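Architecture at a glance
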Amino acid sequence: MGPTPHIAVIGGGSTGAGIARDLAMRGLDVTLVEQGNLTHGTTGRMHGLLHSGGRYAVSDQASATECIEENRVLRDIASHCVEMTGGLFVKRPEDSEEYFQKKLNGCEECGIPAEVVSGEEARAMEPHLAKDIDKAISVPDGAIDPFRLVVANAASAQEHGARIETHSKVTDLIVESGEVVGIEVEHDSGPGKRVHGTEGGTEEIRADYVVNATGAWAGRIGDMAGLDIEVRPSKGVMTIMNIRQVDTVINRCRPKGDADIVVPHETTAILGTTDEEVEDPEDYPEEQWEVDMMIDTLSELIPMLDEARTIRSFWGVRPLYEPPDVGSDDPTDITRDFFLLDHDERDDLPGMTSIVGGKFTTYRMMGEQIADHVCGKFGIDADCRTADEPLPGSEDFSVLRDYMDEFGLRSPIGRRSVERLGSRADDVLKTDGPNPTVCECEGVTRAEIQDAIEGSGSDLNAVRIRTRASMGNCQGGFCSHRMASELHSEYDEPVVREAWDELLQERWKGQRHALWGEQLSQAALNYALHATTQNRDQDPANGDPVDFSAFDSGRGQTGSSVDSADVAADGGTDGY
Amino acid sequence: MSDAETPPETEFDPVAPNTGEEFEPVDVFPDSDDFDLRPGADSCYKCSTCDTNCPVAEVDDDFPGPKFQGPEQWRLKQSDDDHEIDDSVMDCSNCMRCDNACPSGVPLSQMHNTARGEYVSEQMDKLSVEYIRNRILANYRTSAFFASKVPRLANFAMNFGPARWVMEKTLGVTSERDFPAFAKQTFRDWWADRGGQVQSRENAKAARKRRGLPEDADKKVAYFHGCYSNYNTPEVGKAMVRVYEEFGYEVVAPEQKCSGTPMFANGMLDDARRHAETNVSSMSELVDEGYHAIASCTSCSMALRQEYPELFDIDGIDKVAENTFEAVEYLRIHEDLKGEVQAADVDGDLAEEFAYHAPCHSRNQGLDRQAVELFRDLDGAEVEDVGDSCSGISGTYGWKEEKYEKSMEIGEEMFEHMEHAEGETGMTECPTCAMQMEHGSGYEIRHPLELLEAALVE
Ligand SMILES: Cc1cc2nc3c(=O)[nH]c(=O)nc-3n(C[C@H](O)[C@H](O)[C@H](O)COP(=O)(O)OP(=O)(O)OC[C@H]3O[C@@H](n4cnc5c(N)ncnc54)[C@H](O)[C@@H]3O)c2cc1C
Ligand code: SF4
Ligand code: SF4
């Protein structure tokens with residue numbers, strides 16, 4: 001065997017990260033490039049359902065079968081990203097009995113464990129379900145955290161020698177003598193971890209093979225080499241509720257339709273979704289009626305949603321693909337299966353393969369097939385181990401621990417932290433210094449924030465997706481500045497300020513479609529707080545560097561020595 | 001029912017009501033302690049007003065405060081399985097000030113009470129000294145019941161130095177405080193001796209006649225005296241009866257148990273529920289007959305009005321909650337109490353200047369200014385408000401050895417204001433606030449009903 005082939009993977013979503021891990025574990029040299037954060041694309045804007053396959057059991061049995069297989073694998077290798085909530089397909093009186101039977105049979109045909117439960121039993125499981133539902137089918141649906149999963153895949157790839165470049169955009173494919181031989185990349189802030197304000201630059205990354213895993217953007221990468229990849233992006237809305245009204249995934253048992261699923265996710269419940277074709281995966285309308293429809297329609301299943309608090313809404317685009325000869329009109333008819341497009345076979349351009357379509361749930365399987373394909377190109381015969389080897393964080397761990405004794409944390413906070421960190425909990429949470437709670441809504445402590453900063457540099461949105469800090473009901477109102485403070489003293493004031501601004505922008509963005517009722521009060525309070533205590537309404541310090549030396553160093557600093565460990569964070573002990 | 005009609009005959013006789021012993025309530029909602037309160041977190045916008053109003057958080061740096069304990073903890077909790085309640089919930093005194101402070105209607109005390117109940121029933125070691133001590137403190141009624149049979153002996157034994165030392169060392173009941181004295185005759189014994197409801201009816205009729213009211217006017221109340229005025233301060237109960245009769249009300253004193261307040265504060269929801277079943281059963285039948293429930297203790301009225309329907313699902317519980325009033329409040333609503341007080345004067349024992357403390361639980365019912373405003377124009381007595389701080393005892397909280405210091409620290413502000421007040425007699429509606437006031441200032445403490453009695457009853 002010759003020198004180790006170097007593979008460039010474009011796209012840091014679930015697909016790209018899964019491919020990178022698989023290839024790296026098989027011993028190949030891998031560079032993953034992603035234009036934003038990990039999960040910047042569709043992966044960070046999906047529903048978080050670990051499919052049992054039930055949703056496709058009637059319409060797309062091939063996908064359904066793949067789902068249940070991968071569902072079992074992920075429970076095992078990604079246990080710290082998965083919550084096995086179970087799922088129900090709920091039939092209302094007006095829903096078709098015939099379809100209910102079809103669903104049940106379909107599940108059986110695809111090997112999905114399914115059981116009929118009466119309306120009463122369903123309500124005993126989920127007391128907030130509507131009183132008049134007929135019955136339901138229970139299936140092994142689950143909830144999965146896409147951020148944690150992708151970060152763990154990237155971390156594992158890195159452990160196996162891969163290079164991960166975020167905030168690095170592929171601007172061109174390098175084609176020499178009719179073959180793709182590399183990519184041209186524009187770094188936002190220099191290679192490695194992202195640090196705001198660091199000089200960026202372009203880099204030519206030569207590769208023996210390129211994998212295009214850019215999902216809805218795949219066509220754009222294709223364009224760079226004159227290839228025609230017909231991805232049909234289709235948008236969907238998701239609305240996040242402040243609390244979990246249900247602890248089980250609730251699906252409406254009817255053929256296709258909008259607003260037919262609620263997924264409990266961490267502290268929240270996420271309502272979804274729609275399916276509507278859009279032109280541009282980055283620029284499409286986000287409309288309030290879509291959110292209203294989620295709440296109105298899903299209230300038929302869970303009446304209390306009507307009055308409940310939503311904290312934000314977001315949209316994602318599906319990277320749907322169908323071979324040019326099928327020609328479905330309705331995006332819901334397009335298969336959820338994935339396609340591997342070898343551009344040598346397809347377009348006579350060797351050196352690159354694109355992977356399009358598919359689902360989050362089957363990301364590993366997609367990675368395995370691509371890795372097989374790439375290894376085949378180089379005559380490498382290495383086994384895929386991604387189905388057996390747990391992701392970092394998912395090695396043996398238990399969430400039942402004495403949080404106070406072991407970590408000095410109150411039980412709900414310790415519990416949440418350990419759930420997020422999995423087997424890494426001891427490494428991260430056992431610190432010598434004080435470990436205050438930074439984000440109170442989600443129970444995220446300084447130790448976890450620091451661990452995330454170590455992994456992702458000064459990017460607070462990257463810290464956010466790793467920890468859930470600022471994703472609770474105040475949406476960063478009370479913790480954004482604390483998160484920013486955690487960047488100090490490793491990073492300077494201008495870096496901290498920029499990272500902080502960026503986080504706040506991102507937090508406000510998603511709340512635009514939740515501004516009524518309680519979340520409006522929250523937004524008003526956040527605004528007032530930020531304006532009055534941080535000068536956020538009109539910051540004179542923006543732009544010019546602040547002369548911090550002009551400020552004194554605070555009470556008690558001059559002369560007397562202050563034992564900082566004695567001062568309570570709320571100023572409680574000094575009587576002021 | 002019009003005034004002219006006589007009440008319909010029922011099998012229920014308020015003089016000898018159901019004994020409570022063989023009472024078998026129907027469990028409408030077996031898991032009623034398992035309420036899912038996560039939706040309550042929707043109302044919280046995290047302003048921290050509750051935290052700044054929590055007297056325990058102010059003195060106890062280890063206590064995370066109501067915002068964490070209520071909406072945050074509930075939101076982080078999962079309804080299933082093994083999500084534990086943080087043990088700090090046992091440090092909350094259940095003063096309920098957070099409830100009153102929240103601008104957004106978060107059901108804070110309901111969250112605390114429910115979480116505490118869950119903590120105690122699922123996580124607390126039932127053989128631990130803390131559990132046993134809390135259970136004894138929470139079931140004050142039981143101890144008081146036995147003590148009242150031998151009040152002299154009990155008064156001696158309970159405050160006998162070596163015995164108290166042992167109690168502190170083995171049970172964690174502070175020896176700093178004196179146990180309240182047990183009355184030689186309980187309120188209920190007095191009531192029975194006096195002729196019970198029959199006598200009360202006579203007295204009410206006579207008063208109505210005196211006042212020129214129709215003799216058969218439909219004025220009747222059911223007195224929820226609670227444990228303390230029964231066993232320790234029957235003079236409060238007697239004052240209630242005499243004042244109400246003076247206004248022409250017929251009083252009944254139905255079968256009743258502890259309101260549950262000390263049990264909520266200690267997470268003993270099963271005990272509280274058992275007692276609540278008796279109370280609700282006897283009160284709801286009376287409410288059906290047109291009685292209103294009247295309490296002289298503001299924590300008792302709070303329990304019946306707010307905590308019962310929040311925590312339990314017992315037949316008739318909402319009806320009882322809607323028809324419960326605090327004793328002075330009720331008269332303010334239905335009588336020209338202000339006018340009568342203005343026209344009256346006091347002399348003798350109660351011609352005093354009182355340092356008045358509004359109990360936290362009265363605040364939640366909007367009653368914190370009532371005594372001060374009512375007695376403003378009374379000749380011969382002055383009532384001065386000593387501020388809106390918490391007394392710090394919060395029922396059983398200040399009795400716990402490990403909480404005693406904190407309890408006194410919370411009370412400091414009130415003691416200071418009492419010291420600065422003109423008078424040297426205290427006044428409050430709450431029996432445990434009264435203990436704390438007495439303990440911190442040495443003043444004798446009276447109940448507003450006693451002053452009303454002195455002013456209005458011949
Ligand atoms: C509304 C909605 C709900 C969904 N819900 C579920 C669900 O519940 N369960 C499930 O299993 N699946 C679900 N899916 C499907 C699933 O989200 C996607 O199939 C999956 O996330 C696609 O991942 P990906 O890595 O292929 O694409 P992406 O996550 O989009 O990754 C592509 C990445 O490429 C990057 N990129 C693009 N261009 C460039 C460039 N020039 N240079 C560098 N990087 C570039 C992008 O920034 C992006 O991060 C949902 C999809 C949608 C739209
Ligand atoms: S006062 Fe109410 S809204 Fe404010 S933090 Fe406390 S519970 Fe939340
Ligand atoms: S009930 Fe009182 S002690 Fe308990 S959290 Fe509320 S304010 Fe604090």
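Here, the structure is the one placed above.
The paragraphs below set out a description of the structure included in this document. Given the structure is predicted, the values throughout are model-derived calculations rather than measurements. Every chain's residues receive numbers from 1 upward, in the order its sequence appears when written. Here the convention is simple: chains get letters from A, ligands get numbers from 1, in the order in which they are written. Reporting of local features is limited, given that this is a predicted model, to residues whose pLDDT is at least 70; pairs of side-chain atoms are given and counted only at 80 or more, and all residues count toward the totals for whole chains, interfaces and linings. Neither water nor hydrogens contribute to the side-chain values; these are computed over all heavy atoms in the structure.

A word on the site of ligand 1. Residue and element names in this part refer to chain A. The cutoff for a nearby residue is simple: one of its non-hydrogen atoms must lie within 4 Å of the molecule or strand. In the neighbourhood of ligand 1, 35 residues make up the surrounding shell, with Thr15, Glu34, Thr42, Thr43 and Thr361 lying closest. Polar contact criterion, stated in full: a pair of N or O atoms within 3.5 Å, where within protein one must be able to donate a hydrogen and the other to accept it, and residues adjacent in sequence count only if both atoms are side-chain atoms. Between ligand 1 and Glu34, the relevant distance is 2.6 Å, taken from an oxygen atom to a side-chain nitrogen or oxygen of the residue. The separation between an oxygen atom of ligand 1 and a polar side-chain atom of Gln35 is 3.0 Å. Calculation of accessible area relied on Shrake-Rupley with a 1.4 Å probe; when residues are assessed, cover is drawn exclusively from the protein chains displayed. Here ligand 1, which alone exposes 1000 Å², has 96% of that area covered by the protein. Broken down by secondary-structure element, the contributors of at least two residues to the shell around ligand 1 are α1 (14–25), β10 (168–176), β14 (231–241) and β19 (310–321). Looking at which domains feed residues into the shell around ligand 1, each of domain 1 (6–41 + 147–230 + 336–377) and domain 2 (83–142 + 233–318) supplies at least three. For the purposes of this entry, the term helix denotes a DSSP run of H or I that reaches at least four residues, the term strand denotes a run of E that reaches at least two, and both are numbered from the N terminus. Residue ranges labeled as domains rest on an automatic or database domain assignment.

Time to look at unusual backbone geometry. Residues and elements named next belong to chain A. Thr273 follows Gly272 through a cis peptide bond whose omega is -15°. Here Thr273 is to be found in the loop between β17 (268–272) and β18 (276–277). The residue Ala259 is not glycine, and still its phi comes out positive at about 50°. Within the secondary structure layout, Ala259 lies in the loop between β15 (249–252) and β16 (261–265). When accessible area is computed with a 1.4 Å probe and restricted to protein chains, residues below 20% of their type maximum are described as buried, those above 50% as exposed, and intermediate ones as partly exposed. Looking at Ala259, the relative accessible area reads 3%, which means it is buried. Residue Arg468 is not a glycine yet carries a positive backbone phi of 75°. Relative to the assigned elements, Arg468 resides in the loop between α14 (460–467) and α15 (480–487). Judged by its relative accessible area of 4%, Arg468 is buried.

This brings us to the side chain of Arg148(A). Residue and element names in this part refer to chain A. Within the fold, Arg148 resides in helix α5 (residues 146–159). For Arg148, a relative accessible area of 9% translates into the label buried. Contacts of Arg148, omitting those with residues within four sequence positions, involve His80, Cys81, Glu266, Glu419, Arg420 and Arg468. Only heavy atoms matter for contacts: two residues are in contact if any of them lie within 4.5 Å across the pair.

What follows deals with helix α7 (residues 140–149) of chain B. Residue and element names in this part refer to chain B. Of the residues making up α7, those classed as buried are Ala144, Ala147 and Ser148. Considered in projection along α7, the buried side chains sweep an arc of 95° and stay on one side of the axis. Within α7, the exposed residues directed more than 90 degrees away from the buried face are Phe146 and Lys149. If you follow the buried residues of α7, they end up packed against α8 (151–158) and α12 (226–231). Throughout, the arc means that of the directions going from the helix axis to the C-beta atoms.

This part covers empty space enclosed by the protein. Residue and element names in this part refer to chain B. Lining residues are those with an atom within 4 Å of a point, where the points come from a 1 Å grid over the protein atoms alone and group into cavities, where a 1.4 Å probe fits but cannot get out, or pockets, open sets with protein on both sides within 12 Å along at least five of seven lines. Grid points are joined across faces, edges and corners, and a volume is the space filled by probe spheres set on the points. Taken as a whole, this structure holds five cavities of 30 Å³ or more when the rule is applied. Here the largest cavity is characterised by a volume of approximately 90 Å³. Surrounding the largest cavity, 14 residues form its lining, Cys54, Cys92, Ser93, Cys95 and Cys98 being those nearest its centre. Listed by contribution, the elements that provide at least two residues to the lining of the largest cavity are α2 (55–59), α3 (66–76) and α4 (97–101). Counted by class, the lining of the largest cavity contains nine nonpolar, four polar and one charged residues. Estimates place the volume of the second largest cavity at around 80 Å³. Forming the boundary of the second largest cavity are 13 residues, of which Cys44, Cys47, Cys50, Cys102 and Val106 lie nearest the centre. Any residue outside Ala, Val, Leu, Ile, Met, Phe, Trp, Tyr, Cys, Pro, Asp, Glu, Lys and Arg is labelled polar, Gly included; the first ten of those are nonpolar and the last four are charged.

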